[in-house]
Amino acid sequence: VLIMGHLAPGSAYKSAHPPLAEQQEPACPVRKLVTPTDGAKAGDRVRYIQFADSMYNAPCQPYLRSYLEAYRFRGIDPGTLSGRQIIECRERDLEKYAKDLVNTELFDPALCGIRGATVHGHSLRLDENGMMFDMLQRCVLDKKAGVVKYVKNQIGEPLDSEVKVGKPMDNKWLKANTTIYHSLVGTAYRDDAEAIEYIQRIHSLRTKYGFMPKEAQLWQKVQRSKAVSYTHLTLPTKAQVQISVVA
């Protein structure tokens, strides 16, 4: 809560609208099927947390973050960019989700940064302590304790009390488990035999379909015979029906 900086710890959540129970919304079958999150029930405002992941073997990366969040969390809006990833949702829901994102192996205190603004640093070399560059110096390494601690919140405002987020992960484990390809300090993309085999299969099949071999032509005829334009509600043409009969 302190690092995100949206709310003082222990204070009441601010609302964007009255609780759902008080709104007297019209009857809707979808509302009966979908259970709202706690934040939506209470009418919480929408807030965010944003991560930057170093290209030097950080455990996670922006695209995968959005992918796993969309599968695991409800009522969220994940955003993916090249060097950062943001997740927006109702405030009390965000606090629960943020704990999972920070307290698990998805987060390395040295190579992952919680940065709401001025996120630069993910592609730069690490410093002498193995820390990712941060222009606002939101977090520092306590060399005596070996622990990373935040001295500013995610937008760079100084904190009244520092927040310890743990020790940096083991470099060997990071290299073996990172989801980022790096030819100099990690695993090169071309060295991942499983990934290469899968990508080659995809390109091979899409190329064969593009050149329209016999099996692709037959499939195209079947598709044409079943074609219906839902925009204009038109049925297959006479020529398409003839093709399907011949096929």
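Residues numbered from 1 in each chain as written. Predicted model: local features only at pLDDT ≥ 70, side-chain atom pairs only at ≥ 80, totals over all residues. Heavy atoms only, no water.

**Considering the overall build of the protein chain**
Moving on, step 1. Scanning the protein chain for helices and strands turns up eight helices and seven strands.
Moving on, step 2. Counting only residues that meet the buried cut, the protein chain has 33% of its 247 residues in that class.
Moving on, step 3. Expressed as a percentage of contacts within the protein chain between residues at least 6 apart in sequence, the contacts between residues at least 24 apart total 55%.
Moving on, step 4. Accessible surface, the protein chain: about 16,100 Å² in total, of which carbon and sulfur atoms supply 55%. (Helix = DSSP H or I, 4+ residues; strand = E, 2+ residues; numbered from the N terminus. Buried < 20%, exposed > 50% of the residue type's maximum accessible area, 1.4 Å probe, protein only. Contact = heavy atoms within 4.5 Å. Areas by Shrake-Rupley, 256 points an atom, 1.4 Å probe, with all protein chains shown as cover.)

**Let's talk about the sheet that holds strand E4 (residues 112-114)**
Moving on, step 1. Sheet architecture is open: four strands sit in the order E2-E3-E1-E4, paired in antiparallel fashion. Strands with a single pairing partner mark the edges of an open sheet, and in this sheet they are strand E2 (77-80) and E4. With direction set aside, neighbouring strand axes in the sheet form an average angle of 20 degrees.
Moving on, step 2. The pairing of strand E1 (residues 46-53) with E4 spans three bridges and is antiparallel. Bridge pairing links alanine 52 to glycine 113 in E4. (Pairing = 2+ DSSP bridges. Axes fitted to C-alpha atoms, helices over the stretch in contact; angles between N-to-C directions.)

**Some words on helix H4 (residues 91-102)**
Moving on, step 1. Counted at 1.5 Å a residue, the expected span for H4 with its 12 residues is 16 Å, and the 16 Å between its end C-alpha atoms agrees.
Moving on, step 2. Along H4, the residues classified as buried are Glu91, Asp93, Leu94, Glu95, Tyr97, Ala98, Leu101 and Val102.
Moving on, step 3. Structurally, H4 contributes buried residues whose contacts are with helix H2 (38-42), E1, helix H3 (62-72), strand E3 (85-90) and E4. (Expected span 1.5 Å × (residues − 1).)

**Brief notes about the pattern of salt bridges**
Moving on, step 1. Inspection of every chain in the model, using the stated rule, returns nine salt bridges.
Moving on, step 2. Between glutamate 25 and arginine 31 there is a salt bridge; the shortest N-O distance is 3.0 Å.
Moving on, step 3. With relative accessibility at 34%, the residue glutamate 25 sits in the partly exposed group.
Moving on, step 4. For arginine 31, a relative accessible area of 42% gives the class partly exposed.
Moving on, step 5. Note that aspartate 44 is salt-bridged to arginine 92, the shortest N-O span being 2.6 Å. Here aspartate 44 is found in the loop between H2 and E1, whereas its partner arginine 92 is found in helix H4, with 48 residues between them in sequence. (Salt bridge = Lys/Arg side-chain N within 4 Å of Asp/Glu carboxyl O.)

**Regarding unusual backbone geometry**
Moving on, step 1. Even without being glycine, asparagine 57 reaches a positive phi, approximately 70 degrees.
Moving on, step 2. Tracing the sequence through the fold places asparagine 57 in the loop between E1 and H3.

**With respect to the packing of aromatic side chains**
Moving on, step 1. Counted according to the given criterion, the structure contains five aromatic pairs.
Moving on, step 2. A network of ring pairs unites the aromatic residues Tyr63, Tyr67 and Tyr71 as a single cluster.
Moving on, step 3. Geometry around phenylalanine 51 places arginine 65 over its ring, the cationic atom sitting 4.2 Å from the centre. (Phe/Tyr/Trp six-rings, centres within 6.5 Å; stacked < 30°, edge-to-face > 60°. Lys NZ or Arg CZ within 6 Å of the ring centre and 35° of its normal.)

**Digging into the sheet that holds strand E7 (residues 158-166)**
Moving on, step 1. On the basis of which strands lie adjacent, the open sheet formed by three strands has the order E5-E6-E7 and antiparallel pairing. Either end of the sheet is taken by a strand with one partner, and the two such strands are strand E5 (139-142) and E7. Averaged over all adjacent pairs, the angle separating strand axes in this sheet is 30 degrees, with direction ignored.
Moving on, step 2. Where E5 lies against strand E6 (residues 147-152), four bridges are found, and the strand directions are antiparallel. Considered in E6, the bridge of aspartate 142 is made with valine 147.

**Looking at the nonpolar core**
Moving on, step 1. Ranked by size, the top nonpolar core spans 31 residues in total, and within it Ile49, Phe51, Ile87, Phe107, Ile114 and Tyr150 carry the most contacts.
Moving on, step 2. Within the residue set of this core, elements represented by two or more residues are E1, E3, H4, E4, E6 and E7.
Moving on, step 3. When residues in this core are grouped by element, the largest group, five residues, is from H4.
Moving on, step 4. Aside from chain neighbours lying at most four places away, what touches phenylalanine 51 is Arg65, Gly83, Arg84, Gln85, Leu101, Val102, Phe107, Gly113 and Ile114. (Core = buried A, V, L, I, M, F, W, Y, C linked by side-chain atoms within 4.5 Å.)

**Things to note about the pairing of E1**
Moving residue by residue along a regular strand, the side chains alternate between the two faces of the sheet.
Moving on, step 1. Both E1 and E3 contribute to a ladder of six bridges, which runs antiparallel. Bridge assignment links phenylalanine 51 to a residue of E3, and that residue is glutamine 85.

**What to know about the confidence of the model for the protein chain**
Moving on, step 1. Residues of the protein chain with pLDDT of at least 70 account for 87%, and the chain-wide mean is 88.
Moving on, step 2. Across residues 230-236 the pLDDT falls below 50, and counting only partners more than four positions away or on other chains, this stretch makes seven contacts in the model.
Moving on, step 3. Scored below 50 in pLDDT, residues 243-247 makes five contacts in the model with residues more than four places away or belonging to other chains. (pLDDT = per-residue confidence, 0-100.)

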